[in-house]
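If you want the building blocks of each chain, they are given just below.
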Amino acid sequence: MTAGLAGAATATVPPVWAPPVGEAVARDLCTDCGISRTDDPKRCGRACQFIRPDYAALESRVHGRPRDPERIDERFFGPFRRMLRASLVRPVAGAQWTGIATRLAERLLETGAVDAVLTMAPDPDDRWRPVPVLVTKAEGLASCRGMRMGYAPLLALLEPAREQGYRRLAIIGIPCQVYALRALEAELGLERLYVIGTPCSDNTTTERFHDFLALLSEAPETIVYLEFRADYHVELRFADGRVKEIPFLQLPISRLPPDFFPLTCRTCVDYTNVLADITVGYMAGQGEQWLIVRNARGEELLDLLGDEVRTQAPGSAGKRQGAVKGFMANVERAAGGLPLRRMPDWVRPIVGWMMPRFGPRGLEFARTRVEMKAVETVLHLRRELPRRLRHMVPPHVWALVEPYGLTPDADELPRGDGRLGKS
């Protein structure tokens, strides 16, 4: 039994419960999804997306089929039934966007579809630090709204959930958590599982994130909200009600240490959370939220919102190739230990004005980010862990980077795997 769980089944569980969990087992590539803290940490070997992932097999198990290369956007975003641009008619106060992920979880608890929701709440002493919690009352989710930055062992809470007799669960998780969950799902003894996935392109430690905030404001402790928006701006909100918008090009990225984003995040191939039932993000939302409904359970989740949600088809504009090529050139320099090319200060406002007007927007913006992540994965693994390429980079990722001149050597391609079509 995980440390601290003895007797949990007889204890009174509060509506938002952060049970104690065991210590993490050290791994060389690990985002601390929580599996190493459970009774059987050796399960990491078959659950971790950074060891030997098999996306095609898990996509087939979860969605009934793997991604279809004949459906162009499935090459980028994984299997789906439909994609939507969406927002709540009445936005949830304190939510990161309009609150769709929060409201989905609330509805599951309100309707009795689940016993508990596994998600993140803020640390009482640090609003940015994520703390894994089990939520059993819909009103408890109000304290879980908004973004956190850092690593937290969400899946370690599967064991206290089991100790309490919870067999119908929902999880709001990021891709590395969801991959491990799906890899072990058949072993968990659950009657029902709903997976609400959020996209994740990069993460860092909470301590490093505070360093980043300190570069954005002279009073970083007063920042209560941060979001990277699809219009190429970062939005900051402050405790006194002020709002500040910073163009991407004026962010102090070059002042961050080289390992600000750990190698796990620089080599993650699942930005869009392809194994979720529904992905709730923003990248293709053009100012609203972006939903990827992936299977029947995802449709069931969206139906719970009824007329509370307003939807429309996502748009797409601009071209991604130039942006991806520029990103690739900078990553090649960074991966080789060279300094990033810095744009002259006088050019930044001009380019910053042009990007949201003429750069990739909507679905093309999301495709851009997926291709950037694919390029980044290959370049960093080749530089730092070349022997992992064969196992960590699935065929569909090689197909995404091929138009940019990145093709696998014979010893980089998984044995026996086919190749998906080019975009």
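Here's what I pulled together on the structure shown here. (Residues numbered from 1 in each chain as written. Predicted model: local features only at pLDDT ≥ 70, side-chain atom pairs only at ≥ 80, totals over all residues. Heavy atoms only, no water.)

1. Focus on the overall build of the protein chain
Each helix and strand in the protein chain was counted, giving 14 helices and 14 strands. Burial statistics for the protein chain: of 423 residues in total, 54% are counted as buried. When contacts within the protein chain are restricted to residue pairs at least 6 apart in sequence, those whose partners lie at least 24 apart make up 66%. Summed over all atoms, the accessible surface of the protein chain reaches about 18400 Å², with 51% contributed by carbon and sulfur. (Helix = DSSP H or I, 4+ residues; strand = E, 2+ residues; numbered from the N terminus. Buried < 20%, exposed > 50% of the residue type's maximum accessible area, 1.4 Å probe, protein only. Contact = heavy atoms within 4.5 Å. Areas by Shrake-Rupley, 256 points an atom, 1.4 Å probe, with all protein chains shown as cover.)

2. Digging into the pairing of strand E6 (residues 192-197)
Among the 6 residues of E6, 5 are classified as buried, and the element is accordingly described as predominantly covered. In this fold, strand E5 (residues 168-173) hands off to helix H6 (residues 175-184), which returns the chain to E6; that crossover is right-handed. Bridge count between E6 and strand E10 (residues 278-281): 2 bridges; the pairing is parallel. Opposite Ile 196, over in E10, you have Ile 278 as the bridge partner. (Right-handed = clockwise from strand over helix to strand, strands pointing away. Pairing = 2+ DSSP bridges.)

3. Considering the sheet that holds E5
Pairing between the strands of a sheet is mediated by backbone hydrogen bonds and can be parallel or antiparallel. The sheet built from 9 strands is open, its strands ordered E1-E4-E3-E5-E6-E10-E11-E2-E12 with mixed pairing. Strand pairing shows two members of the sheet lacking a second neighbour, strand E1 (16-17) and strand E12 (309-312), which therefore form its edges.

4. Things to note about the side chain of Thr 279
By the element assignment, Thr 279 lies in strand E10. Polar contacts involving the side chain of Thr 279 include one to the main-chain carbonyl oxygen of Asn 273, which spans 3.2 Å. Residue contacts for Thr 279: discarding those within four places in its chain leaves Gly 197, Pro 199, Thr 272, Asn 273, Trp 290, Leu 291, Ile 292 and Arg 294. (Polar contact = N/O pair within 3.5 Å; in protein donor to acceptor, adjacent residues only side chain to side chain.)

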